[in-house]
Amino acid sequence: MNKKIKDIEVPGIRVFSNKVALYPDGINLTIGEPDFPTPHKIKQAGIAAITNDLTSYSHNAGLIELRKEVSSFFEDTYHFHYDPEKEIVITNGASSGIDAIFRSILTEGDEVILPVPIYSGYEPVIRLSGAKAVYLDTTKTDFLPDPAQLESLLSNKTKAIVLNYPSNPTGAVINKELMDRLVNVLKKHEIFIISDEIYSENTYEGIHVSFGSYAEIRNQLFVVHGLSKSHSMTGWRLGFVMGPENVMNQILKAHLSNSICASLPSQYAAIEALSNCRDAPNEMNKAYVKRRNYVYERLMDMGLSLAEPKGAFYAFPSIESTGLTSYEFAIKLLENKHVAVVPGSAFTHYGEGFIRISYANSLDNLVKAMDRIEDFLKNLPS
Ligand SMILES: Cc1ncc(COP(=O)(O)O)c(C=O)c1O
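Cut-offs applied
- Residues numbered from 1 in each chain as written.
- Predicted model: local features only at pLDDT ≥ 70, side-chain atom pairs only at ≥ 80, totals over all residues.
- Heavy atoms only, no water.
- Domains from an automatic or database assignment.
- Contact = heavy atoms within 4.5 Å.
- Buried area = accessible area lost by both parts, 1.4 Å probe.
- Pairing = 2+ DSSP bridges.
- Helix = DSSP H or I, 4+ residues; strand = E, 2+ residues; numbered from the N terminus.
- Phe/Tyr/Trp six-rings, centres within 6.5 Å; stacked < 30°, edge-to-face > 60°.
- Buried < 20%, exposed > 50% of the residue type's maximum accessible area, 1.4 Å probe, protein only.

Trainee: I keep staring at the domain arrangement of the chain and nothing clicks. Help me out?
Mentor: Frequently, the measure chosen for interface size is the accessible area that the parts lose on association. According to the domain assignment, the chain contains domain 1 (3-38 + 280-376) and domain 2 (40-276). Computed over C-alpha atoms only, the centres of domain 1 and domain 2 are separated by 25 Å. Of the residues lining the interface, 36 residues belong to domain 1; the matching set on domain 2 comes to 39 residues. Both faces considered, domain 1 and domain 2 share a buried interface measuring about 3,100 Å² in area, 62% of it formed by carbon and sulfur atoms.

Set out below in structure tokens:
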């Protein structure tokens with residue numbers, strides 16, 4: 001086996017969700033996906049595609065009708081343009097887009113800057129490509145990258161930076177003023193910017209600002225997105241990557257060798273999602289905001305320190321006051337109270353001292369889970 005794959009650990013998220021399934025009264029707060037069904041009209045479009053035998057391969061970059069919908073969605077919502085013919089590739093979820101980007105740009109010895117704590121899906125591909133992740137600590141800057149600190153990490157080995165706002169796991173969003181300052185640094189350096197904006201539609205205060213709206217970094221930027229979170233379509237595996245034409249040609253080759261194309265019925269469902277169901281995220285957000293407020297207030301009342309999550313569907317409280325490591329905390333909570341959360345250390349060691357709680361769960365379950373966590377904290381097992 002390739003040593004690089006052997007060295008990669010199974011993400012902590014899966015370990016805890018597998019374990020909680022063993023308890024009949026278990027509550028799983030590890031889930032990183034909406035708990036709503038895919039909207040009816042989208043499902044019908046997928047069913048119609050199958051019934052009508054639209055089950056073949058498509059163009060490698062995806063159906064042109066879908067690429068046009070993707071293009072017009074970003075144009076209407078965020079006011080920037082990517083050419084559907086040459087600058088958009090439809091992928092099997094954002095994950096396969098991220099994989100295609102890294103495999104296309106990275107070579108042995110390259111460095112990729114990751115503001116941490118960060119989603120665990122990037123580093124394995126970086127390492128498989130022979131490159132190395134360089135961590136930008138955000139734990140003392142409200143989980144947001146500090147431009148001066150970023151500048152100090154740039155070297156002649158730096159090939160790219162990943163930005164993921166709204167953030168998994170912290171729920172942090174980035175404001176325009178900080179984006180301006182980051183762009184001012186990044187535009188001076190010949191590095192790629194990979195902006196994973198998969199949670200953009202789950203922004204609870206103000207409106208999301210996309211790195212795609214900065215013309216000055218257009219030639220170095222990839223915008224990664226998809227319908228998993230916004231339209232509750234995780235299992236449909238539908239994502240997209242946008243970037244400048246000269247590099248998207250290369251991304252398309254990596255995508256071709258890994259998938260040929262995205263699943264065709266899913267592509268038809270996605271056309272429906274982007275043309276007729278743009279409101280779906282707003283409906284789900286009403287529930288997320290209620291749950292976020294509830295979880296935030298309960299955790300604060302328990303004396304845990306946490307930043308109010310402004311987007312995505314995660315709370316990321318500090319559990320340092322308990323004296324337990326995040327892994328010990330998660331295991332003891334699971335075994336004693338049958339509630340599964342993700343230890344912060346799953347998001348690099350900069351997440352140590354925190355846990356991630358997903359509030360993509362019913363309010364009933366969240367009430368029960370918060371009661372159990374409160375009880376757990378009052379009677380901390382030694
Ligand atoms: C930040 C982030 N990017 C990408 C993904 C993967 O999304 P997809 O289902 O589109 O592959 C996830 C999934 O949890 C995520 O949290």
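Trainee: So what exactly am I meant to see when it comes to the sheet that holds strand β9 (residues 314-315) here?
Mentor: Taken in spatial order, the 3 strands line up as β9-β12-β11 in an open sheet, and their pairing is antiparallel. Each end of this open sheet is capped by a strand with a single partner; those strands are β9 and β11 (342-343). By the bridge criterion, 2 bridges tie β9 to strand β12 (residues 355-358) in an arrangement that is antiparallel. Bridge pairing links Tyr-314 to Ser-358 in β12.

Trainee: How do you make sense of the packing of aromatic side chains when you look at a structure like this?
Mentor: Tallying each qualifying case throughout the model produces 21 aromatic pairs. Both rings, one in Phe-36 and one in Tyr-288, keep their centres 5.6 Å apart while their planes meet at 70°; by these two values the pair is edge-to-face. Here Tyr-288 lies in helix α11 (residues 280-301) and Phe-36 lies in the loop between β1 (27-28) and α3 (40-51), a separation of 252 residues in the sequence. Since its relative accessible area comes to 25%, Phe-36 is described here as partly exposed. Taking relative accessible area as the criterion, Tyr-288 reaches 0% and is therefore assigned buried. Relative to Phe-313, the ring of Tyr-199 lies with its centre 5.5 Å away and its plane at 85°, an arrangement referred to as edge-to-face. Highlighted residues: Tyr-199 in the loop between β6 (192-196) and β7 (221-226) and Phe-313 in the loop between α11 and β9, separated in sequence by 114 residues. As far as the burial class goes, Tyr-199 and Phe-313 line up, both buried. An aromatic cluster is built from Phe-73, Phe-74, Tyr-78, Phe-80, Tyr-82 and Phe-240, whose rings are joined through pairwise contacts.

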